[in-house]
Amino acid sequence: MYTEEEKKLIKKKVLKTMKSKGFLKKKILERISDSDFEIVWKDAHKRLAKMYAEHMDLPDGVKTHTDGFIFPAAAVYLSLKKVKPDIAYDIMKTAMAEKSQEEGRKFAKYMKIPGFAKFFLGMWDPISHKMFGESSGFKNVFYPKEKNCYKMDIIECPYHKYLSEQGCPELNILFCDNDVYMYGNLPKLKFTRTQTIGAGGELCDFKMEFVKNK
């Protein structure tokens, strides 16, 4: 059982999170009626509240991923799948791809700043240890630093774990694809990936290189 204070905090958190998912809302409204959308969005709020309530004790680093990305996507998708099973996955795939492509275009603009590409590459080591390390629910292989290159492998992933737990592991590959859309077309940087856990691989490899003439 949860206290009234905990229920209020969960409700407030759900409202804030769902408000931030306007890109999903927009794409859903393009494909289904307003009345069906109201059913989906209301149900997604309920599902997300349940997920938050059941995972209140997760470490803060893990919650960065579960509460901000994994659970909201699962809640919306499962609610959408209940009402529009034939198009639910396609809507999520399109919405997430477009959002990531938009972020990729923003990164690309920064790459035009002299020296920014190397700075961005250099930031990956501290960023990945903080955002994608064990404190955030991942298990990794972090390779020794190389000049103009950053490499790591993810061998356990909270996206795979918690999306599978919620009964929608198929969403995992969409999160994997986000990296390709964001980093795959950046000037002066080459992003390489050969496999992902979400697509059935043994690990997710991540390699980014500085390429002067790209």
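The structure under discussion appears in the preceding block.
Bear in mind that the values here come from a model prediction, so they are computed numbers and not experimental data. (Residues numbered from 1 in each chain as written. Predicted model: local features only at pLDDT ≥ 70, side-chain atom pairs only at ≥ 80, totals over all residues. Heavy atoms only, no water.)

Chemist: Before we move on, could you go through the overall build of the protein chain and cite the residues and values that matter?
Modeler: In terms of regular secondary structure, the protein chain is built from eight helices and four strands. If you list the helices and strands of the protein chain from N to C, you get α-α-α-α-α-α-β-β-α-α-β-β. In terms of C-alpha radius of gyration, the protein chain reaches 18 Å, essentially the compact-globule figure of 17 Å for 214 residues. (Helix = DSSP H or I, 4+ residues; strand = E, 2+ residues; numbered from the N terminus. Rg over C-alpha atoms; globule rule 2.2 N^0.38 Å.)

Chemist: Outline the nonpolar core, supporting the account with residue identities and numerical values.
Modeler: If you look at the biggest cluster of nonpolar residues, it comprises 57 residues, and the most contacted ones within it are Met-92, Tyr-183 and Met-208. Take this core: its biggest share by element is ten residues, from helix α4 (residues 60-83). If we ignore the near neighbours within four places in the chain, the residues touching Met-208 are Phe-120, Leu-121, Trp-124, Asn-148, Cys-149, Tyr-150, Tyr-183, Leu-189, Lys-190 and Phe-191. (Core = buried A, V, L, I, M, F, W, Y, C linked by side-chain atoms within 4.5 Å. Buried < 20%, exposed > 50% of the residue type's maximum accessible area, 1.4 Å probe, protein only. Contact = heavy atoms within 4.5 Å.)

Chemist: Would you mind going over unusual backbone geometry in detail, with residue names and values included?
Modeler: For Asn-148, which is not a glycine, the phi torsion comes out positive at approximately 60°. In this structure, Asn-148 sits in the loop between β1 (139-142) and β2 (149-156). Using a relative accessible area of 28% as the deciding quantity, one classes Asn-148 as partly exposed. Despite not being glycine, Lys-188 shows a phi value in the positive range, around 70°. For Lys-188, the location among the structural elements is in the loop between α8 (172-183) and β3 (189-192).

Chemist: So what's going on with helix α5 (residues 88-110)? Which residues, and what values?
Modeler: Between its terminal C-alpha atoms α5 stretches 34 Å, which fits the 33 Å expected from 23 residues at 1.5 Å a residue. Those residues of α5 that sit buried are Ala-88, Ile-91, Met-92, Ala-95, Met-96, Ala-97, Ser-100, Gly-104 and Ala-108. On the buried face of α5, the contacting elements are α2 (22-31), α4 and α8. (Expected span 1.5 Å × (residues − 1).)

Chemist: Residues and numbers for the packing of α4 against α5, please.
Modeler: Closest axis-to-axis distance for the α4/α5 pair is 8 Å, and the angle between their directions is 145°. In this structure, α4 uses Ala-73, Val-76, Tyr-77, Leu-80 and Lys-81 to contact α5, whose residues at the interface are Ala-88, Tyr-89, Ile-91 and Met-92. Among the residues making up the contact of α4 with α5, the classes are represented as eight nonpolar, no polar and one charged. (Axes fitted to C-alpha atoms, helices over the stretch in contact; angles between N-to-C directions. Nonpolar A, V, L, I, M, F, W, Y, C, P; charged D, E, K, R; others polar.)

Chemist: Tell me about the packing of aromatic side chains, and name the residues and values.
Modeler: The final tally for this structure, using the stated rule, is 21 aromatic pairs. Between Tyr-77 and Tyr-89, the aromatic rings sit 6.3 Å apart at their centres with planes inclined by 75°, giving edge-to-face as the arrangement. One end of the pair, Tyr-77, is in helix α4; the other, Tyr-89, is in helix α5, with twelve residues separating them in the sequence. Overall, the relative accessible area of 4% leaves Tyr-77 in the buried class. You can call Tyr-89 partly exposed: its relative accessible area is 28%. Consider the rings of Phe-116 and Phe-119, whose centres lie 5.8 Å apart with planes at 50°: the pair is tilted. (Phe/Tyr/Trp six-rings, centres within 6.5 Å; stacked < 30°, edge-to-face > 60°.)

Chemist: Tell me about the sheet that holds β1, residues and numbers included.
Modeler: Spatially, the four strands line up as an open sheet ordered β1-β2-β4-β3, and their pairing is antiparallel. Taken across any chain shown, the strands that pair with only one partner, and hence form the sheet edges, are β1 and β3. Neighbour to neighbour, the strand axes of the sheet diverge by 15° on average, direction disregarded. By the bridge criterion, four bridges tie β3 to strand β4 (residues 204-210) in an arrangement that is antiparallel. Note on β4: the bridge partner recorded for Lys-190 is Glu-209. (Pairing = 2+ DSSP bridges.)

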